[in-house]
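Descriptive structure summary
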Amino acid sequence: MATFLFSFISLLHAGDVTGTAKSYQDCVGIALQNSIEYRIQSETLNRANLERLKAIGGLLPDITLNHYRYYGYETSFSDDGWGSSVSATQPVFYGFSKLFTISEKDRLAVSREWNLAKLKKNIAEDVADAFFGLASAQADLLNTRDAYEIMTDRVKELKNREALGKSRLSELYAAQARASVLAAQLKQAETAVLAASDKLAFVMNADSPVIIQPVLADTAPPEIDADKTIKSQPEIKAMEADIEAESSRINSLHADFLPQIYLSATKEIGGNPYTAAGYEFALMAQWPFFEGGSRVLEAMKGYSTEESLKQEKLLLLKTVLYDLKAKTRNYEASMERVKALKDAYEKSKLSCDLQQKDYRYGMATNIEVMQAMADLTDIKSSYDRELITREKNRALLNIMSEAAGGGSK
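Let me sum up the structure you'll find in this document.

What counts as what
Residues numbered from 1 in each chain as written. Predicted model: local features only at pLDDT ≥ 70, side-chain atom pairs only at ≥ 80, totals over all residues. Heavy atoms only, no water. Helix = DSSP H or I, 4+ residues; strand = E, 2+ residues; numbered from the N terminus. Buried < 20%, exposed > 50% of the residue type's maximum accessible area, 1.4 Å probe, protein only. Contact = heavy atoms within 4.5 Å. Areas by Shrake-Rupley, 256 points an atom, 1.4 Å probe, with all protein chains shown as cover. Phe/Tyr/Trp six-rings, centres within 6.5 Å; stacked < 30°, edge-to-face > 60°. Axes fitted to C-alpha atoms, helices over the stretch in contact; angles between N-to-C directions. Parallel < 35°, antiparallel > 145°, perpendicular 65-115°, else oblique. Left-handed = near helix turned anticlockwise from the far one by under 90°. Nonpolar A, V, L, I, M, F, W, Y, C, P; charged D, E, K, R; others polar. Patch = residues over 30% accessible without salt bridge, like charges linked within 9 Å, V, L, I, M, F, W, Y side chains within 5 Å. Salt bridge = Lys/Arg side-chain N within 4 Å of Asp/Glu carboxyl O. Core = buried A, V, L, I, M, F, W, Y, C linked by side-chain atoms within 4.5 Å.

Attention shifts here to the overall build of the chain. What the chain contains, in helices and strands, is 9 helices and 4 strands. Counting from the amino terminus, helix and strand elements in the chain follow one another as α-α-α-β-β-α-α-α-α-β-β-α-α. Each of the 409 residues in the chain was classed as buried or not, and the buried ones make up 37%. Long-range contacts, defined as pairs at least 24 residues apart, comprise 82% of the intrachain contacts of the chain with a sequence gap of at least 6. Of the accessible surface of the chain, which amounts to about 23,400 Å², a share of 57% is contributed by carbon and sulfur atoms.

Before going further, it helps to spend a moment on the packing of aromatic side chains. Going through the model one piece at a time under the given rule, you end up with 4 aromatic pairs. Centroid distance Tyr24 to Phe131: 5.9 Å. Interplanar angle 65°. Geometry classified as edge-to-face. Residue Tyr24 is located in helix α2 (residues 24-34), and its partner Phe131 is located in helix α4 (residues 97-163); the two are separated by 107 residues in the primary sequence. The two residues Tyr24 and Phe131 agree in class, both being buried. Between Tyr345 and Tyr383, the aromatic rings sit 6.1 Å apart at their centres with planes inclined by 10°, giving stacked as the arrangement. On the criterion of sequence distance, the pair formed by Tyr345 in helix α8 (residues 294-360) and Tyr383 in helix α9 (residues 366-403) is long-range, its members being 38 residues apart. Grouping aromatic residues by their ring pairs yields a cluster made of Tyr24, Phe131 and Phe132.

On to the packing of helix α7 (residues 234-255) against α8. Running from N to C, α7 and α8 cross one another at 165°; their axes reach a closest spacing of 9 Å. In this view, α7 runs roughly antiparallel relative to α8, as classed from their interaxial angle. Crossing angle aside, the handedness with which α7 passes α8 is left-handed. For the contact of α7 with α8, the class distribution of residues is 11 nonpolar, 4 polar and 10 charged.

Below, the discussion takes up a nonpolar patch on the surface. A surface patch of nonpolar side chains, amounting to about 590 Å² of accessible area, comprises Val92, Leu263, Tyr279, Phe281 and Leu283. Top contributing element to the nonpolar patch by residue count: strand β4 (residues 279-286), with 3 residues. The residue Leu283 is located in strand β4 in this model.

Looking now at the nonpolar core. By size, the foremost hydrophobic cluster in this structure holds 30 residues, and its most contacted members are Tyr24, Val127, Phe131, Phe132 and Leu200. Taken together, the elements giving at least two residues each to this core come down to α2, α4, α5 (169-204) and α9. A per-element tally of this core places α4 first, with 13 residues. Each residue touching Phe132, except ones within four places of it in the same chain, is listed here: Tyr24, Pro214, Ile388, Glu391, Lys392 and Ala395. In terms of nonpolar packing, the next biggest core, distinct from the first, is built from 16 residues, Val155, Leu172, Ala372 and Leu376 among them.

Within the secondary structure, Leu60 sits in the loop between α3 (36-57) and β1 (62-73). Residue Leu60 is classed as exposed on the basis of its relative accessible area, which comes to 55%. Expressed as a C-alpha distance, the spacing of Leu60 and Val92, which sit 32 residues apart in the sequence, is 10.0 Å. If sequence neighbours within four positions are ignored, Leu60 has contacts with Gln90 and Pro91.

Another point: the pattern of salt bridges. In total, this model carries 25 salt bridges according to the counting rule given. Of the charged contacts in the structure, one is a salt bridge between Arg168 and Glu171, with a shortest N-O distance of 3.7 Å. Of the charged contacts in the structure, one is a salt bridge between Glu246 and Arg249, with a shortest N-O distance of 3.0 Å. Linking Glu246 with Arg249, this pair stays in helix α7, spanning 3 residues, or about one helical turn. A relative accessible area of 11% places Glu246 in the buried class. In the salt-bridge network here, residues are joined through shared partners; they are Arg52, Asp106, Arg107 and Glu244.

See the structure below:
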């Protein structure tokens, strides 16, 4: 494996900036750090939090410094000079509309936080697809190179045997033809590795990394409570927060039908030529009972929006359930396939070794030996790909499990 990694570095003519091979988790961390979309979503969350603070500020008084000068004319022109005052207006009762507005902005901020968690989940899934795709391409390259070297050695052996009259020329030609096919496949495998490396670099928004190949490990599958995991997915939580925000917005519209009461206080400031220096208080109430039906229609539109969001949530729950079942099923199946292919590879290797020995004693034909070699290569490639697929499926399950615990309240 170390030899392969060094040869792969030479193949790409590109090194990692830190000079170390990257694991899947390393690549996820780099992708999150470099993701422009993640930064944009983070700023969206910041704006939502500021909107929440702005709504809370609506409960505080408005304080104004006034500076004025009055002019009058009755029998003659009069000028009372400049005056100044400080006035404060404190909301007393706004039909709970401000409280519902705070609730709406709070739920929207929570929704944006869960959307950020959802984006993090999506980035991790994209990295998994690219990372294990590169690992699979590298494994194919290694196996194709091994097959080519084995067949090249076979050609050399047949040349020597043909010179001694122990093999037919047709056997040599068959081995050379197979070696040429493998040479073409080797070039194709090298191209596939470059393409997979570019894809991972694109997802990470970084230079092409050298990765650590997944290995067979007796790692226990993640323990997942299906019902809890589905309901705790960030996309579900974000949808629930959007529904709650819309409900608060509707309640705020209803609260607007109640009177709005506020208390104002004014204090004149200054000395000569100012004429007033006392306090003035006023308790005022406004009751906007008709605005052309706009509030009623807006509330009706809100109910429609809320119902639409609820239906979207039901559809999303169905989609997430299917996704979790598929990933669980794929992981369990890949575990069984790895066991079967590992056994097949071990038996195929023994068979290939015995076929070569039998050929030297005249007990097997060259066609049988080459078929055994081809079978060994195919089974080894399938085994390596399935091992990587198993690790990918395990990573995808872990992503869903971890996403269920990320986010906010």
